[in-house]
Amino acid sequence: MELTKNITLGVYLPGRSFIHNLDPRTKILAAAGIIVLLLFTRSYSAFALSAIFIGALVSLSGIPTGYALRGLKPMLPVLAIMWVFQLFLFKTPDATVYFHWWIFEATDAGLHMGNLIILRVLFLFTVTTFLTLTTSVVSLTDGLESLLKPLRMIGLPSQELVMTLVIALRFVLILAEELEKIIKAQMARGVAFDRGNFIQKTRKIFPVFLPLFIGAFKRAEELIVAMDARSYTGGKGRTKMKTLHMGRADFMAALILLAYGGLLIFIIISTKPMI
Amino acid sequence: MPIEVINLSHSYKEGTPFEKQVLFDINLSIGAGEFVGIIGPTRSGKTTLAQHLNALHIPRQGKVLIDGLDTKDKQADLVSIRHRVGYVFQNPDYQLFAPTVGEDIAFGPFNMKLPREEIEDRVRKAMAQVGLDYKTLYNRDIFALSGGQKRRAAIAGVLACKPQVLVLDDVTAGLDPRGREEILTLIRELHRRQNITIIFISNSMDEVASMAERIIVINEGRVIMDDATREVFARIEELRSIGLQLPEVTVLIDKLRSAGFNLPAGALNVNEAIRVITAALREMEARK
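The rules behind these values
- Residues numbered from 1 in each chain as written.
- Chains lettered and ligands numbered in written order.
- Predicted model: local features only at pLDDT ≥ 70, side-chain atom pairs only at ≥ 80, totals over all residues.
- Heavy atoms only, no water.
- Helix = DSSP H or I, 4+ residues; strand = E, 2+ residues; numbered from the N terminus.
- Rg over C-alpha atoms; globule rule 2.2 N^0.38 Å.
- Buried < 20%, exposed > 50% of the residue type's maximum accessible area, 1.4 Å probe, protein only.
- Contact = heavy atoms within 4.5 Å.
- Phe/Tyr/Trp six-rings, centres within 6.5 Å; stacked < 30°, edge-to-face > 60°.
- Lys NZ or Arg CZ within 6 Å of the ring centre and 35° of its normal.
- Pairing = 2+ DSSP bridges.
- Axes fitted to C-alpha atoms, helices over the stretch in contact; angles between N-to-C directions.
- Parallel < 35°, antiparallel > 145°, perpendicular 65-115°, else oblique.
- Nonpolar A, V, L, I, M, F, W, Y, C, P; charged D, E, K, R; others polar.
- Core = buried A, V, L, I, M, F, W, Y, C linked by side-chain atoms within 4.5 Å.
- Patch = residues over 30% accessible without salt bridge, like charges linked within 9 Å, V, L, I, M, F, W, Y side chains within 5 Å.
- Areas by Shrake-Rupley, 256 points an atom, 1.4 Å probe, with all protein chains shown as cover.
- Salt bridge = Lys/Arg side-chain N within 4 Å of Asp/Glu carboxyl O.
- Expected span 1.5 Å × (residues − 1).
- Buried area = accessible area lost by both parts, 1.4 Å probe.
- 1 Å grid on protein atoms, 1.4 Å probe; cavity = no way out; pocket = protein on both sides within 12 Å on 5 of 7 lines; lining within 4 Å.
- Points joined across faces, edges and corners; volume = space filled by probe spheres on them.

With respect to the overall build of chain B
A count of helical and extended segments in chain B gives 13 helices and ten strands. Here chain B has a C-alpha radius of gyration of 21 Å; the compact-globule value for 288 residues is 19 Å, and the two agree. Its C-alpha atoms give chain B principal-axis dimensions of about 70 × 50 × 35 Å. Residues counted as buried form 51% of the 288 residues belonging to chain B. For chain B, the proportion of contacts with a sequence separation of at least 24, taken over those separated by at least 6, is 60%.

Focus on the packing of aromatic side chains
If you walk through the whole model with that rule in mind, you get ten aromatic pairs over all chains. Taken together, a centroid distance of 6.0 Å and an interplanar angle of 65 degrees make the contact between Tyr67 of chain A and Phe18 of chain B edge-to-face. With one member in each of two chains, Tyr67 of chain A in helix H3 (residues 65-70) and Phe18 of chain B in the loop between strand E1 (3-12) and strand E2 (20-30) form a pair that bridges those chains. By relative accessible area, Tyr67 of chain A is classed as buried at 4%. Pairing Phe88 of chain A with Phe104 of chain A gives two aromatic rings, centres 6.2 Å apart and planes at 70 degrees, and the pair type is edge-to-face. Residue Phe88 of chain A is located in helix H4 (residues 76-89), and its partner Phe104 of chain A is located in strand E2 (residues 104-107); the two are separated by 16 residues in the primary sequence. For Phe104 of chain A, a relative accessible area of 25% gives the class partly exposed. Put simply, the rings of Phe88, Trp102 and Phe104 of chain A touch in pairs and so form one group of aromatic residues. For Lys13 of chain B, the ring lying beneath its charged end belongs to Phe18 of chain B, and the centroid distance is 6.0 Å. The ring of Tyr134 of chain B carries the charged tip of Arg124 of chain B above its face, separated from the ring centre by 4.7 Å.

Some remarks on the pairing of E1 of chain B
Residue and element names in this part refer to chain B. Inspection of the sheet shows E1 paired to E2 by seven bridges, in the antiparallel sense. Looking at E2, one finds that Leu8 is bridged to Ile26. Note that E1 and strand E4 (residues 61-66) share five bridges and pair antiparallel. In the strand pairing of E4, Ser9 is matched with Gln61.

With respect to the packing of helix H1 (residues 24-40) of chain A against helix H5 (residues 108-134) of chain A
All names here are of chain A. Two numbers describe how H1 lies on H5: the axes approach to 10 Å, and their chain directions differ by 175 degrees. Between H1 and H5, the angle falls in the class roughly antiparallel. Between H1 and H5, the residues in contact are Lys27, Ile28, Ala31, Ile34, Ile35, Leu38 and Leu39 and Arg120, Phe123, Leu124, Val127, Thr128, Leu131 and Thr134, respectively. Residue composition of the contact of H1 with H5, by class: ten nonpolar, two polar and two charged.

Regarding the nonpolar core
Counting residues in each nonpolar core, the largest one holds 52 residues, and the members touching the most others are Leu166, Ile187, Phe200, Val217 and Phe233 of chain B. Looking at this core element by element, the count peaks at six residues for helix H7 (residues 147-159) of chain B. Every residue in contact with Phe233 of chain B, bar those within four places of it in the chain, is listed here: Ile39, Met205, Ala209, Ile215, Leu239, Leu246, Pro247, Thr250 and Leu268 of chain B. In this structure, Ile182 and Phe193 of chain A together with Val22 and Ile216 of chain B belong to the second largest nonpolar core, which totals 42 residues.

Some remarks on a nonpolar patch on the surface
Residue and element names in this part refer to chain A. On the surface, Ile81, Phe85, Leu89, Phe198 and Ile199 cluster together into a nonpolar patch covering about 550 Å² of accessible area. Elements with a contribution of two residues or more to the nonpolar patch: H4 and helix H8 (198-229). Mapped onto the fold, Ile81 is located in helix H4. For Ile81, a relative accessible area of 43% corresponds to the partly exposed category.

Some remarks on the pattern of salt bridges
Scanning all chains against the criterion turns up 21 salt bridges over all chains. The partner of Arg214 of chain B in a salt bridge is Glu34 of chain B, and the shortest N-O contact between them spans 3.1 Å. Residue Arg214 of chain B is located in strand E9 (residues 214-219), and its partner Glu34 of chain B is located in the loop between E2 and strand E3 (35-39); the two are separated by 180 residues in the primary sequence. A single burial state applies to Arg214 of chain B and to Glu34 of chain B, both of which are buried. A salt bridge links Glu238 of chain B to Arg235 of chain B; the shortest N-O distance between them is 3.1 Å. Each of the salt bridges in this network shares a partner with another, and the network as a whole consists of Lys218 of chain A together with Asp93 and Lys150 of chain B.

Things to note about helix H2 (residues 44-61) of chain A
Residue and element names in this part refer to chain A. Taking 1.5 Å of rise per residue, the 18 residues of H2 would be expected to cover 26 Å, and the 26 Å separating its terminal C-alpha atoms lies within 8% of that figure. Elements that come into contact with the buried residues of H2 comprise H1, H3, H5 and helix H9 (248-270). Looking one or two places after H2, you find Gly62, whose phi comes out positive at around 80 degrees.

Here's the deal with the interface of chain A and chain B
Each partner contributes to the interface: chain A provides 29 residues, whereas chain B provides 36 residues. Summed over both sides, the interface of chain A with chain B buries roughly 2,700 Å², with 59% coming from carbon and sulfur. The largest per-residue losses of area from chain A upon contact with chain B belong to Lys184, Arg189 and Arg195 of chain A, which jointly make up 28% of the total buried on that side. Here chain A and chain B share two salt bridges between them. Close ionic contact of Lys218 of chain A with Asp93 of chain B constitutes a salt bridge, the shortest N to O distance being 3.9 Å. Breaking the side of chain A that touches chain B down by element, the ones donating at least two residues are H3, helix H7 (158-188) and H8 of chain A. The leading source of residues in the side of chain A that touches chain B is H7 of chain A, at eight residues. When grouped by side-chain class, the residues that make up the side of chain A that touches chain B number 15 nonpolar, three polar and eleven charged.

Some points on unusual backbone geometry
All names here are of chain B. Backbone geometry at Lys162 places phi at a positive 50 degrees, although glycine is not the residue there. Here Lys162 is to be found in the loop between H7 and strand E7 (165-169). In this structure, Asn195 takes a positive phi of about 55 degrees despite not being glycine. Mapping Asn195 onto the fold places it in the loop between helix H8 (177-194) and strand E8 (197-201).

What to know about the layout of surface pockets
Within this model, the second largest pocket holds a volume of roughly 1,100 Å³. Around the second largest pocket sit 32 residues that line it, and Lys181 of chain A together with Tyr12, Arg43, Thr47 and Thr48 of chain B are the ones nearest its centre. When contributions to the lining of the second largest pocket are tallied by element, the ones reaching two or more residues are H7 of chain A together with E2 and helix H1 (46-52) of chain B. Looking at side-chain class alone, the lining of the second largest pocket contains eleven nonpolar, ten polar and eleven charged residues.

Listed below in structure tokens is the structure:
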């Protein structure tokens, strides 16, 4: 019984690769850029290019590919359900019907729509996970803060926003650990979480959530006290121990990304979309 | 109900870059009715080992036999194993999850699918055993309990399953002296009166020394000692070298011995210490 094993979002895997050493701002902007491009990607060949590019990044970072993808494992059942829904419910007037069942029809349009959505989710998840795997929480915070600084002028509390985001990211793992403990406590008194089929397992999950939420609120309160105790007053007047610097590596990374972006846009324009 | 641990190894986060082996080739056998203490520095693998003993962890390498049943066996009835080997967690907050005390204690028997009256009966008895007042506390909100009451409720929830073996993971941590003494007395009684096998994990050497008949010392995932309590606490230097504190009486007697008093080593509790010290004083007086 180990839940945290399959959680990779928000986990930082220290390393010394080219990607680890990039300025966090470069990485955040790059991830944002790649994600925006993904939203416009509608053809299989463009997805193939993205897969090759992201695969190359992962191998460059030295993070085991299996580990980078491990976080997808718990999501697979949900993705499968999404795919089935698209397959049977999405239709276009000129779509070819594969087969009928009662009032449902599986069409080629549905198939491609299902594939498109799943590919997008997979890529979104992998890119964000890859960002947190190669960037420590501290530099992620610094990077985001520095990027959002201009928005302070229009009154956006950028530092507070980033703080909230980073805490949320951290809590993913903390809540998973908490969940594991609660499940163990219930298992110890006779709930068989590790037995039964998918539906039976899902039903057993519900009684776990009440204590999980109560625990989360308690944790949040403790965190507030801890922050207060160290005189946290928000972003105003805060200085940094480490200042960020963009260097040659960041320039190179930007060039590589531009090349990728250009090629991807070219492929998106010139190939037939899947739907 | 005997428990047998054979060549057990365990790693956390297996197959990830964070993989860490915490147990190395453990071999143990615990017989019915024993009172075993497990000690070791923090992060030595005590809890991980203990959670193998009621199939909360299923071994990947090696095996655990509980009453002859292999926990690895896909057909084994793990639910019944977990009811027969009760586990009280280190932190009661992780164990108590129902809204009220009564509901929480009834959780185990409810999962055993017992008839309603039987469940009620078991809850009442379990509460009486741990000294929680049935009338006032049955409907009490779990979060309104004090630390000591939470511990009791946690133990009651496990006792309501009528276990034959009880694994107690540092259950006196954070209690005041009186609460601690009451819990320890309860554990002694369970062992003596109902002949429940007790596996007692603790960071307090004083407690282990005065309670357990046999002690297993774990360090860095390996069993380094497994012997009668007296024999284990006689190996003072070894215990010190892995960072364990010794029972205070043992330290006292050790100091007196090195100051030149003629005392037998290895007193485990205050009463024994008093006996050997008075005996030594009488002898000295007689010599004068």
